[in-house]
Amino acid sequence: MKFIVIGITDHPQPFFPPEVLDVIRQGKVFSGGKRHHEIMAPFLPEGADWINITVPLDDVFDQYDLCFKHLSKYQDASQSIVVFASGDPLFFGFANTIQRKMPGAKLVVYPAFNSLQMLAHRLLKPYHDMRIVSLTGRPWPEFDKALIEKIGKIGILTDREHTPAAIAQRMLDYGYTDYQMSVGEHLGNPALEKVTTLTLEEATQATFSMPNCVLLGLTGDGSSEFDNSASRGQTQKNRPLRVPFGIPDAEFSLLDGREKMITKMPIRLLTLQALELPQRHIFWDIGFCTGSVSIEARLQFPHLDIEAFEIRPECEAIFHENARRFGAPGINIHIGDFLETDLSTLPRPDAVFIGGHGGKLKEIMAKVLTVLAGDGVIVFNSVTSPMVPTDSRQLWDEACAELGLRQESPLRIQLNDFNPIEILRCRR
């Protein structure tokens, strides 16, 4: 089986080198999207067969399989299918899909410029340092990661849901205002091509035709600190190039203004260390309250998929306010009793922090074990206080013994006049 994949742009009269023209002239079976067929129809030899690339793709590859079984009837063909794809077929393109679906097939690729390359060309912007993010049929995490890391130049492939306006609005919601947006529409088509550069505020009100792509460029030096004078609920304007290692506790909105209802910054950082987050992938924060642990984890380790749980509905608004204040998009929150929450659709965690348990620590740990990855860790901060009727350390010890969990050496710390805290960790 052999595929010859030819990249094309939106130009209605594409130019091909002689080698590619020979491939097209000698071909018998061709494939591509509807738009590709419209462009390439004048180039196809008489009697050529065409396989439309439509979803579901499994049906398309079934046609390819059937075609290869009967290609022997084409006496002058080298048993190959010629596929037309947009831009560079190996750049989030169809050649990658062929390699995944038919790993044994031979592949020859003739690339064209991809849309982000063409947009950079139109803007006369070097693109060797561009971070590429595809939002075409994909969720936000990679884009959020690029924002948190304050990447200076971000190229984005869009779709009808992740439009330039939606991208700009997400950036404004989380305070990433120090970027300028350029949008390229119908790149490669001289009659329809358009490039627009505008502010994020302007982009939220604009509509762009498909297909389009986006190039974001950092406009400032990104070195300013959080604006501590900003009022509650307002988004900071200029975020630092590097997020602070430890957000000051006073900057968080609190539950009913209660200072004790937040994991203090030094404890928070030690907790993240105990969770081994640099090498983890899925982090669950059970009992998030103000969201301080999840938000700190998101900013320090933006590669993480974070699921945060809280039983108190009033904490939802507080969490969103804090997440926007510190520019921490992409944390998935779940309001309700953790013990009654359906976990079957969530990714299995390999790091779990239990920040609140309401006296049901054993039950929560037992439920966590039903989904915890094999090498996962559970961390819990035990407070020693005469005001607490049930010793949380005792509950932890009993739970670990009953569930067959292996405890590790605890870390005991006391901050100022606060009660001593033990940072506890266990594994299977």
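What you see is a predicted model; the values in this text were computed from it and never measured.

Rules behind the numbers
Residues numbered from 1 in each chain as written. Predicted model: local features only at pLDDT ≥ 70, side-chain atom pairs only at ≥ 80, totals over all residues. Heavy atoms only, no water. Axes fitted to C-alpha atoms, helices over the stretch in contact; angles between N-to-C directions. Helix = DSSP H or I, 4+ residues; strand = E, 2+ residues; numbered from the N terminus. Parallel < 35°, antiparallel > 145°, perpendicular 65-115°, else oblique. Contact = heavy atoms within 4.5 Å. Nonpolar A, V, L, I, M, F, W, Y, C, P; charged D, E, K, R; others polar. Pairing = 2+ DSSP bridges. Core = buried A, V, L, I, M, F, W, Y, C linked by side-chain atoms within 4.5 Å. Buried < 20%, exposed > 50% of the residue type's maximum accessible area, 1.4 Å probe, protein only. Lys, Arg positive; Asp, Glu negative; His and termini not counted. Salt bridge = Lys/Arg side-chain N within 4 Å of Asp/Glu carboxyl O. Disulfide = S-S within 2.5 Å. Phe/Tyr/Trp six-rings, centres within 6.5 Å; stacked < 30°, edge-to-face > 60°. Lys NZ or Arg CZ within 6 Å of the ring centre and 35° of its normal.

Caption draft 1: Structural detail: the packing of helix 3 (residues 57-70) against helix 4 (residues 94-101). Running from amino to carboxyl end, helix 3 crosses helix 4 at an angle of 70 degrees, the nearest separation of the two axes being 12 Å. Looking at the two axes, helix 3 sits roughly perpendicular to helix 4. Of the residues in helix 4, those in contact with Leu 57, Asp 58, Phe 61 and Tyr 64 of helix 3 are Phe 94, Thr 97, Ile 98 and Lys 101. Looking at the contact of helix 3 with helix 4 residue by residue, the class counts come to 5 nonpolar, 1 polar and 2 charged.

Caption draft 2: Inspection of the environment of Pro 164 at higher detail. As for its placement among the helices and strands, Pro 164 is situated in helix 7 (residues 164-173). Taking the C-alpha atoms as reference, Pro 164 lies 6.5 Å from Ala 203; in sequence the two are 39 residues apart. Those residues within four positions of Pro 164 in sequence are excluded, and the remaining contacts are Thr 158, Met 181, Val 183, Ala 203, Phe 208, Asn 212 and Val 214.

Caption draft 3: Molecular detail of the sheet that holds strand 5 (residues 106-110). Ordered in space as 3-2-4-1-5, the 5 strands form an open sheet in which the pairing is parallel. Each edge of the sheet is formed by a strand with only one pairing partner; in this case those strands are strand 3 (49-52) and strand 5. The average undirected angle you get between the axes of adjacent strands in this sheet is 25 degrees. The pairing of strand 2 (residues 29-32) with strand 4 (residues 80-86) spans 2 bridges and is classified as parallel.

Caption draft 4: Main features of the nonpolar core. Phe 143, Leu 216 and Phe 283 are the most contacted members of the largest nonpolar core, which totals 59 residues. Setting aside chain neighbours within four positions, we find Leu 216 in contact with Phe 143, Gly 152, Lys 153, Ile 154, Ile 156, Met 171, Tyr 179, Gln 180, Met 181 and Leu 200. Grouped together as the second largest cluster of nonpolar side chains are 25 residues, Ile 286, Phe 309, Phe 380 and Trp 396 included.

Caption draft 5: Region of interest: the sheet that holds strand 8 (residues 179-185). Pairing within the open sheet is mixed, and its 5 strands lie in the order 6-7-10-8-9. Each end of this open sheet is capped by a strand with a single partner; those strands are strand 6 (131-134) and strand 9 (194-198). The sheet shows a mean angle of 20 degrees between the axes of neighbouring strands, direction not considered. Note: strand 8 against strand 9, 5 bridges, orientation antiparallel. Each bridged residue has a counterpart across the sheet, and for Gly 184 the counterpart in strand 9 is Val 195. Running at roughly 55 degrees to strand 10 (residues 212-218), helix 5 (residues 115-123) makes contact with strand 6, strand 7 (153-157), strand 8, strand 9 and strand 10 of the sheet.

Caption draft 6: Geometry of the side chain of Asp 350. Secondary-structure assignment places Asp 350 in the loop between strand 13 (332-335) and strand 14 (351-354). An unpaired buried charge is present at Asp 350: no salt bridge exists, and Arg 280, the closest side chain of opposite charge, is 4.6 Å distant. Among residues more than four places away in sequence, those in contact with Asp 350 are Arg 280, His 281, Ile 282, Leu 372, Ala 373, Asp 375, Gly 376 and Val 377.

Caption draft 7: Here's a closer look at the state of the cysteines. Going through the model one piece at a time under the given rule, you end up with 0 disulfides. Cysteine Cys 289 shares no disulfide, and the gap to the nearest cysteine sulfur, in Cys 315, comes to 4.4 Å. For Cys 289, a relative accessible area of 7% puts it in the buried group.

Caption draft 8: Quick look at the packing of aromatic side chains. Counted by the stated rule, this structure contains 15 aromatic pairs. Consider the rings of Phe 3 and Tyr 64, whose centres lie 5.2 Å apart with planes at 65 degrees: the pair is edge-to-face. Placement of the pair is Phe 3 in strand 1 (residues 2-8) and Tyr 64 in helix 3, with a sequence separation of 61 residues. Accessibility expressed as a relative area gives 0% for Phe 3, which makes it buried. Among the aromatic residues, those joined into a cluster by ring pairs are Phe 3, Phe 61, Tyr 64, Phe 68 and Phe 94. Above the face of the Phe 338 ring, Lys 367 is positioned so that its terminal group lies 5.6 Å from the ring centre.

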